[in-house]
Amino acid sequence: MRISRLTPWAAGLAAASLVLVPASASAGQRDSAAPAAASTSASASAVDTYYAAAEGKTGAALKTALHNIIKTQSRVTYDGVWNALKVTDQDPANPNNVILVYSGRSQSKSTNGGGVNDWNREHVWAKSHGDFGTATGPGTDLHHLRPEDVTVNSTRGNKDFDLGGGPVSEAPGSLTDSDSFEPRNAVKGDVARMLLYMAVRYAGGDGFADLEMNDKVNNGSAPLFGKISVLKQWNLQDPPDAFEQRRNQVIYDTYQHNRNPFIDHPEWVNSIW
């Protein structure tokens, strides 16, 4: 039994085999005009082959199998992340811009930096949760790094993810309170799948902490992130769109040569957690 026969996500990739992956649905701009976009594509058979060692597994066995698959990767320097994000998060409607993950704003690629209205490198898995900083490895892993407005990035800080709070200036639809952050609806699933990738990829090897999920907020510097119950809901509420699928493929083809399994197989979230 082939994995692609079990999921519509791999089957959808089959239709894109040997053609460019369209980025008709950007992260949070699903109504934007479809551009020509994306660098490469994957066939269902190629995805099957990549995940062959995980076939038929569930629970802890599936998590271990996926870890062993995705831990083989090339690493990007923290400086190299700037240029990579200009490719992975390119606005499909404007190749000169990137889409900011929480804000949803399309902003010039050239405005990256530390100024108030610049965009910088947001660690979706906050780098203090496990104390990995910007070290090459989890600190530079493109699967959880996204462009974001400097001020919004600061507002999010190292908060866990949960529901509720007050509006976030410059990030319409996002909410925050003293101990949590809720992203806008269009990227709730993206956030969940990025965090769950990190919890599988970094399991105590490579000299880094074992990153794990829990159902709490206020995790501080512990290598934990929450809330898993909410993230599981977000994974179902906001399934992978073309922007997210293209991003996964570009990271695989051009930069790290590993994949986020929960973009290819979002149903594996409930199989593990």
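Residues numbered from 1 in each chain as written. Predicted model: local features only at pLDDT ≥ 70, side-chain atom pairs only at ≥ 80, totals over all residues. Heavy atoms only, no water.

1. Remarks on the sheet that holds strand S2 (residues 94-99)
In sheet architecture, strand pairing relies on hydrogen bonds along the backbone and comes in two forms, parallel and antiparallel.
Next, step 1: The sheet built from three strands is open, its strands ordered S1-S2-S3 with antiparallel pairing. Two strands lie at the open edges of the sheet, namely strand S1 (90-91) and strand S3 (106-108), each paired on one side alone.
Next, step 2: In terms of strand pairing, S1 meets S2 through two bridges, oriented antiparallel. Opposite Asp91, over in S2, you have Asn94 as the bridge partner. (Pairing = 2+ DSSP bridges. Helix = DSSP H or I, 4+ residues; strand = E, 2+ residues; numbered from the N terminus.)

2. Quick notes on the environment of Gln256
Next, step 1: With respect to the element layout, Gln256 can be found in the loop between helix H9 (242-255) and helix H10 (261-264).
Next, step 2: Judged by relative accessible area, Gln256 falls into the buried class, the value being 1%.
Next, step 3: Taking the C-alpha atoms as reference points, Gln256 and Asp141, 115 residues apart in sequence, are found 8.1 Å from one another.
Next, step 4: The residues touching Gln256, leaving out its near neighbours within four places in the chain, are Gln73, Ser74, Val76, Thr140, Asp141, Leu142, His143, Tyr197 and Ile251.
Next, step 5: At a separation of 3.0 Å, a polar atom in the side chain of Gln256 contacts the side chain of Asp141. (Buried < 20%, exposed > 50% of the residue type's maximum accessible area, 1.4 Å probe, protein only. Contact = heavy atoms within 4.5 Å. Polar contact = N/O pair within 3.5 Å; in protein donor to acceptor, adjacent residues only side chain to side chain.)

3. Remarks on the sheet that holds strand S9 (residues 180-182)
Next, step 1: Judged by pairing direction, the sheet is mixed, and its four strands sit side by side in the order S6-S9-S8-S7 without closing on themselves. Two strands bound the open sheet, and with one partner strand each, they are strand S6 (160-161) and strand S7 (166-168).

4. Thoughts on the pattern of salt bridges
Next, step 1: Scanning the model with the defined rule gives twelve salt bridges in all.
Next, step 2: Between Asp149 and Arg105 there is a salt bridge, and its shortest N-O distance comes to 2.9 Å. Of the two residues, Asp149 is situated in strand S5 (residues 145-149) and Arg105 in the loop between S2 and S3; the sequence distance between them amounts to 44 residues.
Next, step 3: Linking Arg193 and Glu244 is a salt bridge whose minimum nitrogen-to-oxygen distance equals 2.8 Å. With Arg193 in helix H7 (residues 188-201) and Glu244 in helix H9, this pair connects stretches of sequence that are 51 residues apart.
Next, step 4: Taken together, the shared-partner salt bridges in this structure form one network comprising Arg75, Arg201 and Asp206. (Salt bridge = Lys/Arg side-chain N within 4 Å of Asp/Glu carboxyl O.)

5. Focus on the packing of helix H5 (residues 78-88) against H9
Next, step 1: Between H5 and H9, the least distance of the axes is 9 Å, while the angle of their chain directions is 135 degrees. By the angle between their directions, the pair H5 and H9 is classed as oblique. H5 and H9 meet at a crossing whose hand is right-handed. Contacts between H5 and H9 involve Asn83, Ala84, Leu85, Val87 and Thr88 from the former and Phe243, Arg246, Arg247, Val250, Ile251 and Tyr255 from the latter. (Axes fitted to C-alpha atoms, helices over the stretch in contact; angles between N-to-C directions. Parallel < 35°, antiparallel > 145°, perpendicular 65-115°, else oblique. Left-handed = near helix turned anticlockwise from the far one by under 90°.)

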